[in-house]
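# A look at the structure
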Number of protein chains: 2
Amino acid sequence: MDRAERARRSRAEDVRLRGFPDRASVEEAVAWIDAKSGSVAWEEVAVPKAAGRVLIDPFAAPFDMPACDCAGIDGYAIRARETVGSGDYNPLSFKLVNDAQALPPFSAALVASGARLPSGADAVLPFEAAQPHEGSIEVFAAVAEGSGVERMGQQVRAGTTILEAGRRLRPQDLGLLAMLGVEHIRVARRPRVRLVIAGPNPGMHLNDANGPMLHALVKRDGGEIESAITGAADRMAMRKALNESHADVIMVAGRTGTGPDDEAAPALAEIGKLCIHGVALRPGGSAGMGTAGEVPVVLLPGDPLACFCSYELFAGRLIRRLGGLSPAFPYAQREFTLGRKIVSSIGTVDLCQVSLDAPTAKPIGMADSGGLAALARSDGFVLVPPPSEGFAAGSRVTVFIYDDRLRPFQS
Amino acid sequence: MDRAERARRSRAEDVRLRGFPDRASVEEAVAWIDAKSGSVAWEEVAVPKAAGRVLIDPFAAPFDMPACDCAGIDGYAIRARETVGSGDYNPLSFKLVNDAQALPPFSAALVASGARLPSGADAVLPFEAAQPHEGSIEVFAAVAEGSGVERMGQQVRAGTTILEAGRRLRPQDLGLLAMLGVEHIRVARRPRVRLVIAGPNPGMHLNDANGPMLHALVKRDGGEIESAITGAADRMAMRKALNESHADVIMVAGRTGTGPDDEAAPALAEIGKLCIHGVALRPGGSAGMGTAGEVPVVLLPGDPLACFCSYELFAGRLIRRLGGLSPAFPYAQREFTLGRKIVSSIGTVDLCQVSLDAPTAKPIGMADSGGLAALARSDGFVLVPPPSEGFAAGSRVTVFIYDDRLRPFQS
């Protein structure tokens, strides 16, 4: 079956009480997502609030930095050639002058690191190399021209690009911009997400996990929740939730499966377009995507582990792209040796949770078992690609690590 | 000179107009920081707001998960042994019952994934394996006991620790806690930081870079700015800024050097204790630390690059520790090959900015040159330890990478 035919099939049929006749590949679903994330919208923000935001325009140095010849250290500005011949047993004396615009011959001026050098001066002597002495200093060592001096434009020349477009602004970048007098800057606007939490299925005894989890994931990926609708339990409520949105993305969690109450996909098919329903992904096989008007809609399964996995592969990718960030998983990758085999089925992408004890990664049960408890005990995941039946124990695998940077205080 | 003697020296002397007679080692300064970060304070926060916060108590499963035998998939709950003998050419018929507490013999009940299994049922048949037929279903294949079922306690047993103390809470952890009905949780309190920006040195023409940069760095490291004082320019203002604080940490940026106006260290020596002034670090050699009452005070040089480096090594470490996070740099580390030599002086830790073009890292000028413009063009840094004169071109070095995870959209 070719791609178009498979896409048609996975769209056309109502899967309720029948099961998925076929599923789109993860590759097709990702291609759909990427096609929906064209241009990056922008807004202007104050520089002190811009940490982590994505720069829209390249930023070039507005002038030479430093803008003049400056002292690079605290000390005495001096003419280097006048210190020739000085030594521990032959200190030379220089008159100490204050606030000099121009340095008179055989004199020295106190300067702080970063201050403009008086004209005529071509070196700065550190305090350690001189001894003050009632209106003058004694210099114990000759100093080379340029020593202790930062030349005009030495850091960067006017017009040189310092921050590239697409840069995720770091604390130090804010310092640079503030230093140069920049008060506001254009950054990628946060993608606005409508979050629809489907009503609980009958017979469920637990509280909703997906709302709090998805709120935090959207924030992590640079988006913001524009509106959150909970308890969309029937066709009418679901249709209403999918309509009248000013969001950039609509995310529905729950009611995507094959049960009689799984109204998310039929409601989307009614009010907009259901493009894909059912993806060859484990967990997350009942994920779907489509559009409500112009707004891309991602359907995430209600099972929290499946919801997490399909968020990571599809919805998170869309939000990251719309916000100008890399579409890749926001996790560090590292190679580990598999401590136990992973079994997968051909044709499906398996997202297998693993616990890490370097250099070993151990699978936590099967890909689709264990729920959030398994996810909580996991340090990251391994992706098993569609053509693979899994990996043997001892294989080298790439692990996407949930929290690579800040480790707990009791480990 | 032994450690105590060196510490005494670096404390005792006023360095202004004289230079640092000696400097504490980075190791000594880090030991001082670590000694000041004993216990982690806590507060209670709502679970949906707890992403990224550090868990104080281990969290154990309050009950078996699942709490009963559940459907693991959407489908028909059934007795497995009753399906024996069914096949494509010999479908067996089962009466369809609704909302059954107990499953009558030779019947099937519609269940959604996650729902409680009716008593008597021991398998769930996927919709694909059956055909509904006016109040009954025809089953085309025998199913094994336990198929499609999640057993009580299969995910985790009551009392098993799921989240360790010290865990930095992930989006999925919030989902788990919310699902289990946990509304509030004890997390490490954010360390409260008083930020004192010293007045500009005379002759400086640029705006303050350190305030915006340090605000963002403190936030990144899990702290919060309790109060920010700007323009502390003379001894009186500096003394006042160091006093009457309810902060966990006081950070002073600027006026730490050897110039006549460098009042931060003398003011701290007057109102509290100046324990270290001058560290064998480049850039950042005029950093200092001490206490105002019980509050640890970190003095950071005013030069923005030196301020950044000494923040990373000392103040950031203190804030991370007080907030229950790992003291390590919050950066991914990776090995690169040095594209040009790094020259360092023995006895000093050099923090050398590098640009990365895998597998090569290229130093950006000297460690202490180039200011924030160099920092902006840098992808990370290499630490040169005190006994080393640097690294030759072609050496393998560890780079701490500023932004390892989210790459820009135009690269």
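## A look at the side chain of Glu263(B)
Residue and element names in this part refer to chain B. In this fold, glutamate 263 is placed in the loop between β15 (249–253) and α6 (264–271). Given the relative accessible area of 13%, glutamate 263 is considered buried. Aside from chain neighbours lying at most four places away, what touches glutamate 263 is Arg16, Ala233, Asp234, Arg235, Met238 and Arg255.

## Observations concerning the packing of aromatic side chains
Residues and elements named next belong to chain A. Here the structure, examined in full by the defined rule, presents 18 aromatic pairs over all chains. Centre to centre, the rings of tyrosine 76 and phenylalanine 127 are 5.2 Å apart; their planes meet at 85 degrees, and the pair counts as edge-to-face. Of this pair, tyrosine 76 sits in strand β4 (residues 75–78) while phenylalanine 127 sits in the loop between β7 (123–125) and β8 (130–132); the two residues are 51 residues apart in sequence, bridging distant segments of the chain. The class of tyrosine 76 is buried, set by a relative accessible area of 1%.

## Focus on the relation of the copies chain B and chain A
The operation relating chain B to chain A is a screw motion whose rotation component is 180 degrees, with 0.0 Å of axial translation and a residual RMSD of 0.1 Å. When the rotation and shift are considered jointly, the pair of chain copies conforms to a two-fold rotation axis. Ranked by how close their C-alpha atoms come to the rotation axis, the residues of chain B are headed by Ala332(B), at 3.9 Å. Same-surface contact between copies: 100% of interface residues of chain B are shared with the interface of chain A.

## Some words on the interface of chain B and chain A
Listed per partner, the contact involves 86 residues of chain B and 87 residues of chain A. There are two salt bridges connecting chain B and chain A. Note that Arg168(B) and Asp403(A) form a salt bridge whose closest N and O atoms lie 4.0 Å from each other. Taken together, the links from chain B to chain A amount to 14 residue pairs in polar contact (both at pLDDT 80 or more). Every element with two or more residues in the side of chain B that touches chain A is listed here: β11 (161–163), α3 (171–179), α4 (210–220), α7 (304–322) and α8 (371–376) of chain B.

## Side note on the sheet that holds β15(B)
All names here are of chain B. The strand order across the open sheet built from six strands is β14-β13-β15-β19-β18-β16, with neighbouring strands paired in mixed fashion. Each of the sheet's edge strands pairs with one partner strand only, and the pair in question is β14 (224–232) and β16 (273–277). Pairs of neighbouring strands in the sheet enclose a mean axial angle of 20 degrees, with direction left out of account. In this sheet, β15 lies alongside strand β13 (residues 192–198) in parallel orientation, the contact comprising five bridges. For isoleucine 197, the partnering residue across the bridge sits in β15 and is alanine 253. In this fold α4 packs onto β13, β14, β15 and β19 (295–300), with an angle of close to 165 degrees to the strand it touches most, β13. This element, α7, spans β13, β15, β18 (288–292) and β19 of the sheet and lies at about 165 degrees to β19.

## Considering the sheet that holds strand β8 (residues 130–132) of chain B
Residues and elements named next belong to chain B. With mixed pairing, the six strands of this open sheet are ordered in space as β7-β4-β6-β5-β9-β8. Taken across any chain shown, the strands that pair with only one partner, and hence form the sheet edges, are β7 (123–125) and β8. Each neighbouring strand pair of the sheet contributes to a mean axis angle of 40 degrees, computed without reference to strand direction. Here β8 runs beside strand β9 (residues 136–139); their pairing, made up of three bridges, is antiparallel. From the neighbouring strand, alanine 130 faces β9, where its bridge partner is valine 139.

## Side note on the environment of Glu263(B)
In this structure the C-alpha to C-alpha distance between Glu263(B) and Arg239(B), which are 24 residues apart in sequence, comes to 9.1 Å. Among the polar contacts made by the side chain of Glu263(B), one reaches the side chain of Arg235(B) at a distance of 2.6 Å.

## Side note on α3(B)
A large share of α3(B) lies buried, amounting to nine of its nine residues. Among all positions in α3(B), only Pro171(B), Gln172(B), Asp173(B), Leu174(B), Gly175(B), Leu176(B), Leu177(B), Ala178(B) and Met179(B) are buried. Residues of α3(B) that are buried in the fold lie against α4 (210–220), α7 (304–322) and α8 (371–376) of chain A together with β2 (59–60), β11 and β12 (184–188) of chain B. Immediately downstream of α3(B), the backbone of Gly181(B) shows phi near 85 degrees, a positive value.

## Description of the packing of α4(A) against α3(B)
Running from amino to carboxyl end, α4(A) crosses α3(B) at an angle of 165 degrees, the nearest separation of the two axes being 7 Å. By the angle class used here, α4(A) and α3(B) are roughly antiparallel. Every pair of crossing elements has a handedness; the one defined by α4(A) and α3(B) is right-handed. Between α4(A) and α3(B), the contacting residues are Pro212(A), Met213(A), Ala216(A) and Leu217(A) on the first element and Pro171(B), Gln172(B), Leu174(B), Gly175(B) and Ala178(B) on the second. In the contact of α4(A) with α3(B), the residues fall into seven nonpolar, two polar and no charged.

Criteria and thresholds
- Residues numbered from 1 in each chain as written.
- Chains lettered and ligands numbered in written order.
- Predicted model: local features only at pLDDT ≥ 70, side-chain atom pairs only at ≥ 80, totals over all residues.
- Heavy atoms only, no water.
- Helix = DSSP H or I, 4+ residues; strand = E, 2+ residues; numbered from the N terminus.
- Buried < 20%, exposed > 50% of the residue type's maximum accessible area, 1.4 Å probe, protein only.
- Contact = heavy atoms within 4.5 Å.
- Phe/Tyr/Trp six-rings, centres within 6.5 Å; stacked < 30°, edge-to-face > 60°.
- Least-squares fit on C-alpha atoms with pLDDT ≥ 70 in both.
- Salt bridge = Lys/Arg side-chain N within 4 Å of Asp/Glu carboxyl O.
- Polar contact = N/O pair within 3.5 Å; in protein donor to acceptor, adjacent residues only side chain to side chain.
- Pairing = 2+ DSSP bridges.
- Axes fitted to C-alpha atoms, helices over the stretch in contact; angles between N-to-C directions.
- Parallel < 35°, antiparallel > 145°, perpendicular 65-115°, else oblique.
- Left-handed = near helix turned anticlockwise from the far one by under 90°.
- Nonpolar A, V, L, I, M, F, W, Y, C, P; charged D, E, K, R; others polar.

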